[in-house]
Amino acid sequence: MDAPERPTPALPSLRYKAVEAEMRELFLEAGIDAELDPEASMRSNLVTIIAHAWNISGTIRWPRGWCRELMLVLDAAGCEVPSPRVLRWYRSRISESPSAFVNTARAPVEILEQMDLALLGDDAANT
């Protein structure tokens, strides 16, 4: 006796190309706003572009593929390109305490202060 055929569920389609294009546009715009400087430290460029990307998008929780697109923008600007691990570390630390980076050279202090206020608002809403 043959076993009945098991139904095969439809697999979700992954549409990374759309997300890649969205992230590319975000970081290209943020790179222009941040005025990336190949002579500046990696920390300075990362804090600046991440803050500007938050200012544009209103979030720091970007979808999969954001690291690659940010790396491409940094490379095109002639800046030092960190590993994805370093990028995720900076994003994590900035999301926890933006004010910890206000003393970074060229940091957009006003944006970091806005991020701090937004995080305080999010924390108050979650309690």
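Residues numbered from 1 in each chain as written. Predicted model: local features only at pLDDT ≥ 70, side-chain atom pairs only at ≥ 80, totals over all residues. Heavy atoms only, no water.

Colleague: Looking at this structure, I do not really get the packing of aromatic side chains. What am I missing?
Modeller: Geometry of an aromatic ring pair is reported as the spacing of the ring centres plus the angle between the planes. Under the counting rule described, the total for this entry stands at five aromatic pairs. Between Phe27 and Trp62, the aromatic rings sit 5.3 Å apart at their centres with planes inclined by 80 degrees, giving edge-to-face as the arrangement. In this pair, Phe27 sits in helix α1 (residues 16-34) while Trp62 sits in the loop between α2 (42-57) and α3 (66-76), placing the two residues 35 residues apart along the sequence. Grouped by ring-pair contacts, the aromatic residues Phe27, Trp62 and Trp66 constitute a single cluster. (Phe/Tyr/Trp six-rings, centres within 6.5 Å; stacked < 30°, edge-to-face > 60°. Helix = DSSP H or I, 4+ residues; strand = E, 2+ residues; numbered from the N terminus.)

Colleague: For this particular structure, what's the right way to read the packing of α2 against α3?
Modeller: Packed helices, taken two at a time, are described by the angle between their axes plus the distance between the axes. Two elements in contact, α2 and α3, have axes separated by 12 Å at closest approach and are oriented at 125 degrees. What the angle tells us is that α2 and α3 run oblique. As α2 packs across α3, the resulting crossing turns out to be right-handed. The segment α2 lies against α3, with Asn45, Leu46, Ile49 and Ile50 engaging Leu70, Val73 and Leu74. (Axes fitted to C-alpha atoms, helices over the stretch in contact; angles between N-to-C directions. Parallel < 35°, antiparallel > 145°, perpendicular 65-115°, else oblique. Left-handed = near helix turned anticlockwise from the far one by under 90°. Contact = heavy atoms within 4.5 Å.)

Colleague: What is the right way to read the pattern of salt bridges from this model?
Modeller: Across all of its chains, the model carries three salt bridges by this definition. Across the pair Arg24 and Glu69 runs a salt bridge whose closest N-O atoms are separated by 3.0 Å. On the criterion of sequence distance, the pair formed by Arg24 in helix α1 and Glu69 in helix α3 is long-range, its members being 45 residues apart. The partner of Arg93 in a salt bridge is Glu96, and the shortest N-O contact between them spans 4.0 Å. (Salt bridge = Lys/Arg side-chain N within 4 Å of Asp/Glu carboxyl O.)

Colleague: Is there a simple way to explain the nonpolar core in this structure?
Modeller: Most often, soluble globular proteins keep nonpolar side chains buried together rather than apart. Among the nonpolar cores identified, the biggest contains 30 residues, and Phe27, Ile49, Ile50, Trp62, Trp66, Leu70 and Met115 are the most heavily contacted of them. Within the residue set of this core, elements represented by two or more residues are α1, α2, α3, α4 (84-96) and α5 (109-126). Once you skip the residues sitting within four places of it in the chain, Ile50 turns out to touch Ile60, Trp62, Leu70, Tyr90, Arg91 and Ile94. (Core = buried A, V, L, I, M, F, W, Y, C linked by side-chain atoms within 4.5 Å. Buried < 20%, exposed > 50% of the residue type's maximum accessible area, 1.4 Å probe, protein only.)

Colleague: Help me understand the side chain of Ser44 in this model?
Modeller: Structurally, Ser44 can be placed in helix α2. By relative accessible area, Ser44 is classed as buried at 1%. Excluding residues that lie within four positions of it along the chain, Ser44 makes contacts with Thr104, Ala105 and Arg106.

Colleague: I tried to follow the confidence of the model for the chain on my own but got confused; where do I start?
Modeller: Mean pLDDT over the chain: 89, with 87% of residues reaching 70 or higher. Considering each helix and strand of the chain separately, the mean pLDDT is smallest for α5, with a value of 82, and largest for α2, with 97. (pLDDT = per-residue confidence, 0-100.)

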